[in-house]
Amino acid sequence: MPSETSKSTETLAPRDEALPGPDPSGLSPETPDAVATGPRVAGAVVGHAKDVSDIEAGLDALQTTVAPTASRWSKAFHAVYPPVLAIAILLAVWQTLVWLEVQPIYNLPGPEQVWEAVTRAAASGTLWQALGTSLERGVLGFLAAVAIGTPLGILVARVRWVRVSFGPIITGLQVLPSVAWVPAGIIWFGLSDATVYFVILMGAVPSIINGIVSGVDQVPPLYRRVGQVLGAGRFQMIKDVILPAAFPGYLAGLKQGWAFSWRSLMAAEIIAVGGGIGFGLGAFLQQGRELSDMALVFTAILLILVVGMVIELLFFAPVEKSMLRRRGLAPETSTSKGSGWLLRRRELAAAAFGR
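Named according to an unreviewed UniProt entry, the protein chain is ABC transporter permease originating from Oerskovia rustica. Of the protein chain, the UniProt comment under Sequence similarities (unreviewed entry) reads exactly: "Belongs to the binding-protein-dependent transport system permease family." Recorded in UniProt under Subcellular location (unreviewed entry), the annotation for the protein chain is "Cell membrane".

Undergrad: Would you explain the overall build of the protein chain in this entry?
TA: Across its full length, the protein chain holds 14 helices and zero strands. The N-to-C order of helical and strand elements in the protein chain reads α-α-α-α-α-α-α-α-α-α-α-α-α-α. Scored against the burial criterion, the 355 residues of the protein chain give a buried share of 30%. Taking the intrachain contacts of the protein chain between residues at least 6 apart in sequence as the baseline, contacts between residues at least 24 apart amount to 69%. Carbon and sulfur atoms form 67% of the exposed surface of the protein chain, whose accessible area is close to 22,100 Å².

Undergrad: Looking at this structure, I do not really get the pattern of salt bridges. What am I missing?
TA: Should their charged atoms come close, side chains of opposite charge can pair. Tallying each qualifying case throughout the model produces five salt bridges. Here Asp217 makes a salt bridge to Arg163, at a shortest N to O gap of 2.8 Å. Here Asp217 is found in helix 8 (residues 193-217), whereas its partner Arg163 is found in helix 6 (residues 160-175), with 54 residues between them in sequence. According to the relative accessible area criterion, Asp217 is partly exposed, its value standing at 47%.

What counts and what doesn't
Residues numbered from 1 in each chain as written. Predicted model: local features only at pLDDT ≥ 70, side-chain atom pairs only at ≥ 80, totals over all residues. Heavy atoms only, no water. UniProt positions renumbered as here; feature names shortened; annotations may be inferred. Helix = DSSP H or I, 4+ residues; strand = E, 2+ residues; numbered from the N terminus. Buried < 20%, exposed > 50% of the residue type's maximum accessible area, 1.4 Å probe, protein only. Contact = heavy atoms within 4.5 Å. Areas by Shrake-Rupley, 256 points an atom, 1.4 Å probe, with all protein chains shown as cover. Salt bridge = Lys/Arg side-chain N within 4 Å of Asp/Glu carboxyl O.

Set out below in structure tokens:
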């Protein structure tokens, strides 16, 4: 009998060791069943952790823009050819209108006549003098508008009674055409650079103020609560929480402020001519009108347009692109090399959440 019992015990032991899952009897880890079950449970936990890490990596990938690995020449080509193509189309339409003689040649000069006027003005130095004067005034006036409008915008955005009292007036000043300030500036400051800067400030400062106010209004209240919990004071709250979160609206106000600065400058230079006011692009445009030289007028118009475009492309566009990239808002294109990998990650995340 003892021998039969020992044989049955030896036969049953391997069956118990092969049982999957945890031991329902609560055996200690030293028992053979627990020793056999432990590796399987640990393996399942490791596999589950790996799946979770893959899902988390996929969710992180959904919030990360994958930049295409293109060469510098390829990037430069794709950045340059769209505006070059647009310019070529406009020049073709312009030349077609000249050939159709929609207007006499002295009223509608072609690209060739305008180019000749550009070369003549450049050779005489008139073009560079006008361009340098207007650029200096525009940049200095815009920087002064930023220095004045930024603190005023923060004050209007943060102090309720200031917003209620002066908010409608600031909006009205923004709507008011800048050219309306030119006669007042001439009477107050005479034909001097002070008149030009006064008109620039009156045109740009309201736009910058409203841009800051709009950006501050769009800051989530949770950001302020987090700043309060972390013990941020009033100044730290503005510097480290509100202004960084309101930067998109502030940047939009700066772009609009530059546009108003440049327009206001041209209006002031066209009307206020002579005296000690200097010779800028506006005076250059007015000179072409007085001489009835449409090629000169077109030259001034093109220079004014090119300066606005260059400032936008060299300053505002890179800043805006960098801001969007840092906030995860940069657009993704389906032609990027990482799109297939992102698609697989999206499918993994969708399967994990049962979508």
